[in-house]
Amino acid sequence: MNKYCTKYPVILVHGIIAKDFSFYRAFRKIKDKLALNHVHVYIGNHDGIGSIENNAKQLKAQIIEILKTEKVDKINIIAHSKGGLDSRYMISKLDMAKHVASLTTLSTPHHGSKLASNLLKLPKFVIKFLCFWSNLFFKICKDKNPDLLAVGKDLSYESMIEFNREIVNNKEVFYQSYSSSLKNKRQFIMFVPYYLTKFIESEDTDGLVSVSSSVWGNYKGNTDGNFDHIEIIAFFGQKKRIEKVSEFYLKLVEELKQLGF
């Protein structure tokens with residue numbers, strides 16, 4: 001048996017915006033690399049800017065179908081950013097603990113985003129403008145229930161305090177988390193988010209999510225390579241960096257196999 005073949009299939013769960021667009025795939029190359037090494041791997045097809053509750057319901061429906069296809073009773077989830085919160089909600093609130101062997105979160109804002117909290121303080125007309133056009137764009141991109149305002153509220157520092165009181169870890173599921181941090185921005189697209197979040201969070205970030213907010217369950221430290229927030233799903237990045245990201249996922253999958261998942 002190939003060393004990367006896990007007991008249960010793997011689903012890669014994206015966060016906000018970086019959904020599996022037809023014109024630009026989230027987790028591009030990563031899925032191909034895992035599949036090449038005989039990992040049964042899928043990519044989440046939930047909304048790009050849906051609320052936590054909305055996306056959790058969509059994720060549950062997809063996972064149930066995967067379990068039927070694979071003829072297994074559990075799955076491994078590797079979730080990026082808000083996808084980790086969608087997954088936690090699904091496990092705890094939608095009776096899915098019995099179907100999830102492990103949840104690995106990558107740069108997930110488990111303890112909220114001060115950036116989201118600050119953006120919600122913008123003038124109402126600015127918020128309405130941004131939400132209208134964002135929701136329209138993602139509706140065109142086949143989101144079923146796009147709601148940028150709900151996403152912002154879900155990710156706020158204040159909302160996540162209540163979320164964590166209510167959404168606790170289930171003993172049936174293995175939880176682990178990774179953070180990432182940058183010494184400086186590597187890509188032009190991350191220039192503004194990097195310096196903005198570093199100022200607002202007052203600590204190291206991956207360009208969007210702080211290190212301390214990423215900590216949940218069995219915390220494994222920073223990712224190998226300290227990838228920025230979009231590099232870690234290979235949404236953008238240099239070829240060498242994408243290859244390095246893919247190797248990180250292979251290592252992660254091998255560790256899950258060794259744990260019996």
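As the structure is a prediction and not an experimental result, all values here were calculated from the model.

About the thresholds
Residues numbered from 1 in each chain as written. Predicted model: local features only at pLDDT ≥ 70, side-chain atom pairs only at ≥ 80, totals over all residues. Heavy atoms only, no water. pLDDT = per-residue confidence, 0-100. Helix = DSSP H or I, 4+ residues; strand = E, 2+ residues; numbered from the N terminus. Patch = residues over 30% accessible without salt bridge, like charges linked within 9 Å, V, L, I, M, F, W, Y side chains within 5 Å. Areas by Shrake-Rupley, 256 points an atom, 1.4 Å probe, with all protein chains shown as cover. Salt bridge = Lys/Arg side-chain N within 4 Å of Asp/Glu carboxyl O. Buried < 20%, exposed > 50% of the residue type's maximum accessible area, 1.4 Å probe, protein only. Core = buried A, V, L, I, M, F, W, Y, C linked by side-chain atoms within 4.5 Å. Contact = heavy atoms within 4.5 Å. Pairing = 2+ DSSP bridges. Axes fitted to C-alpha atoms, helices over the stretch in contact; angles between N-to-C directions. Parallel < 35°, antiparallel > 145°, perpendicular 65-115°, else oblique. Nonpolar A, V, L, I, M, F, W, Y, C, P; charged D, E, K, R; others polar. Left-handed = near helix turned anticlockwise from the far one by under 90°.

Student: Got a minute to help me understand the confidence of the model for the protein chain in this structure?
Tutor: Segments scoring low in pLDDT should not have their predicted coordinates read at a detailed level. Per-chain confidence: the protein chain averages 88 in pLDDT, with 89% of residues scoring 70 or above. Mean pLDDT across the secondary structure elements of the protein chain bottoms out at helix H8 (residues 191–201), with 64, and peaks at strand E4 (residues 100–106), with 98.

Student: Just to check I follow, could you spell out a nonpolar patch on the surface for this structure?
Tutor: Nonpolar side chains collect at one region of the surface, where Leu 119, Leu 122, Phe 129, Leu 130, Phe 132, Trp 133, Leu 136 and Ile 140 lie side by side and expose about 810 Å² of accessible area between them. Looking at which element gives the most residues to the nonpolar patch, the answer is helix H5 (residues 124–140), with six residues. On the basis of relative accessibility, which here comes to 64%, the residue Ile 140 falls in the exposed class.

Student: Is there a simple way to explain the environment of Lys 183 in this structure?
Tutor: Considering the arrangement of structural elements, one finds Lys 183 in the loop between strand E5 (174–179) and H8. Spatially, the C-alpha atoms of Lys 183 and Asn 226 are 9.1 Å apart, while their sequence positions differ by 43 residues.

Student: Can you help me understand the nonpolar core in this one?
Tutor: When a protein is soluble and globular, its nonpolar side chains tend to lie buried together. Core analysis: the biggest nonpolar cluster contains 31 residues, and Ile 11, Ile 63, Ile 77, Met 90 and Ile 91 have the highest contact counts within it. For this core, the elements supplying multiple residues, two or more each, are strand E1 (10–13), helix H2 (52–70), strand E3 (75–80), helix H3 (82–93), E4, helix H6 (148–155) and helix H7 (157–166). Ranked by residue count, the leading element in this core is H2, at six residues. Ignoring anything within four residues of it in the chain, the contact list for Ile 91 reads Met 96, Ala 97, Val 100, Leu 103, Asn 170, Val 173 and Tyr 175. Within the second largest apolar cluster, 30 residues are counted, among which are Leu 12, Ile 43, Ile 230 and Val 245.

Student: Hey, could you run me through unusual backbone geometry in this one?
Tutor: The general pattern is negative phi for most residues beyond glycine and trans for most peptide bonds. Unlike most non-glycine residues, Asp 95 shows phi in positive territory, near 55°. Counting through the fold element by element, Asp 95 comes out in the loop between H3 and E4. Even without a glycine there, the phi angle at Ser 107 is positive, about 50°. Mapped onto the elements of the fold, Ser 107 is located in the loop between E4 and helix H4 (114–119). Note on Ser 107: relative accessible area 1%, which makes it buried.

Student: Sorry if this is basic, but what is going on with the pattern of salt bridges here?
Tutor: Pairing between side chains of opposite charge can happen when the charged atoms of each approach one another. Using the criterion set out here, one finds ten salt bridges in the structure. Between Glu 162 and Arg 165 there is a salt bridge, with its nearest N and O atoms 3.0 Å apart. Taken as a pair, Glu 162 and Arg 165 lie in helix H7 at a separation of three residues, close to a single helical turn. Of the residues examined, Glu 162 reaches a relative accessible area of 43% and is grouped as partly exposed. Residues joined in a network through salt bridges with shared partners are Lys 33, Glu 243 and Glu 247.

Student: How should I be thinking about the sheet that holds E4 in this particular structure?
Tutor: Sheet strands pair via backbone hydrogen bonds, and the direction of the pair is either parallel or antiparallel. Judged by pairing direction, the sheet is parallel, and its six strands sit side by side in the order E2-E1-E3-E4-E5-E6 without closing on themselves. Single-partner strands in this sheet number two, and they are strand E2 (41–43) and strand E6 (218–222). The mean angle between the axes of side-by-side strands here comes to 20°, regardless of whether they run parallel or antiparallel. When E5 meets E6, the two strands line up parallel, connected through three bridges. Residue pairing across strands places Gln 176 opposite Asn 218, the latter belonging to E6. Relative to E1, H2 is tilted by about 160°, and along the sheet it contacts E1, E2 and E3.

Student: Please clarify how the packing of H2 against H3 should be interpreted in this entry.
Tutor: When two helices pack together, their arrangement is given by the angle between the helix axes and by the axis-to-axis distance. Orientation of H2 relative to H3, taken along the N-to-C sense of each, is 70°, at an axis distance of 8 Å. When the interaxial angle is binned, H2 and H3 end up roughly perpendicular. In contact with Ile 52, Glu 53, Asn 55, Ala 56, Leu 59, Lys 60 and Ile 63 of H2, H3 contributes Lys 82, Leu 85, Asp 86, Ser 87, Tyr 89 and Met 90. Partitioned by chemical class, the residues of the contact of H2 with H3 number seven nonpolar, two polar and four charged.

Student: Can you walk me through the packing of H3 against H7 in this structure?
Tutor: With their axes 11 Å apart at the nearest point, H3 and H7 run at an angle of 35° to one another. Crossing of H3 over H7 shows left-handed handedness. Of the residues in H7, those in contact with Leu 85, Arg 88, Tyr 89 and Lys 93 of H3 are Met 160, Phe 163, Asn 164 and Glu 166. The class makeup of the residues in the contact of H3 with H7 is four nonpolar, one polar and three charged.

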